[in-house]
Amino acid sequence: MHSSDSVPVRVRVLPHGEGLPLPAYATDGAAGMDAVSAEDVTLAPGARHAVATGLSVAIPAGYEIQVRPRSGLALKRGISVPNTPGTIDSDYRGEVKVILINHGAEPFEIRRGDRIAQLVLAPVTRASWMEVDELDATERGEGGFGSTGGVAALGN
Ligand SMILES: O=c1ccn([C@H]2C[C@H](O)[C@@H](COP(=O)(O)OP(=O)(O)OP(=O)(O)O)O2)c(=O)[nH]1
Ligand SMILES: [Mg+2]
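Reading the values: rules and limits
Residues numbered from 1 in each chain as written. Chains lettered and ligands numbered in written order. Predicted model: local features only at pLDDT ≥ 70, side-chain atom pairs only at ≥ 80, totals over all residues. Heavy atoms only, no water. UniProt positions renumbered as here; feature names shortened; annotations may be inferred. Near = heavy atom within 4 Å. Polar contact = N/O pair within 3.5 Å; in protein donor to acceptor, adjacent residues only side chain to side chain. Areas by Shrake-Rupley, 256 points an atom, 1.4 Å probe, with all protein chains shown as cover. Helix = DSSP H or I, 4+ residues; strand = E, 2+ residues; numbered from the N terminus.

The protein chain goes by Deoxyuridine 5'-triphosphate nucleotidohydrolase in an unreviewed UniProt entry, where it is assigned to Novosphingobium colocasiae. UniProt, in the comment section headed Function (unreviewed entry), describes the protein chain in these words: "This enzyme is involved in nucleotide metabolism: it produces dUMP, the immediate precursor of thymidine nucleotides and it decreases the intracellular concentration of dUTP so that uracil cannot be incorporated into DNA." Per UniProt, the protein chain has the following entry under Cofactor (unreviewed entry): "Mg(2+)".

Take a look at the structure:
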């Protein structure tokens, strides 16, 4: 995305976030801004932790920020975001945290300033329920969960 069509988002740097770069797009076409850790922490295999970013934000109404894993860390080290995509609500004013889980076999050392996840600003469409007694018929009907053909290895 180019700065000309970007959406301004108010961001507050908390005391422990001072001196760190704000989340930033690594390339012109990047969808996500890489966010850095504001703390040193080691994740043992299997462990999870809400990693501080040192930032709080005021996302404009009608948008959210999604917290997504970085594929490089996922592939090389087994590091993921268990609640992916994490949801930052537009009315949240607390510190943005990145929940990380170590699915790898080795401890994962995070140093303050390391890029740990990416933040995607996304529009939100809200629903309003229209309660009815019957739903329109479809070819799929109630079929789901593999009803159209499954995985050969599972024999279905
Ligand atoms: O990865 C995340 C997910 C959430 N949050 C913050 C911002 C979000 O607006 C708030 C609530 O998140 P969510 O709705 O996912 O959590 P919940 O378990 O439903 O908590 P709550 O009852 O506070 O909504 O927590 C983060 O900082 N990082
Ligand atoms: Mg919630």
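Once you've had a look at it, read on.
### Digging into the site of ligand 1
Ligand 1 sits among N83, G86, T87, I88, D89, Y92, E95, V96 and K97. Interatomic distance of 3.1 Å between a side-chain N/O atom of N83 and an oxygen atom of ligand 1. Interatomic distance of 2.7 Å between a backbone N/O atom of K97 and a nitrogen atom of ligand 1. Burial of ligand 1 by the protein chains amounts to 50% of its free accessible area of 560 Å². Elements supplying a minimum of two residues to the shell around ligand 1: β8 (86-88) and β9 (95-102).

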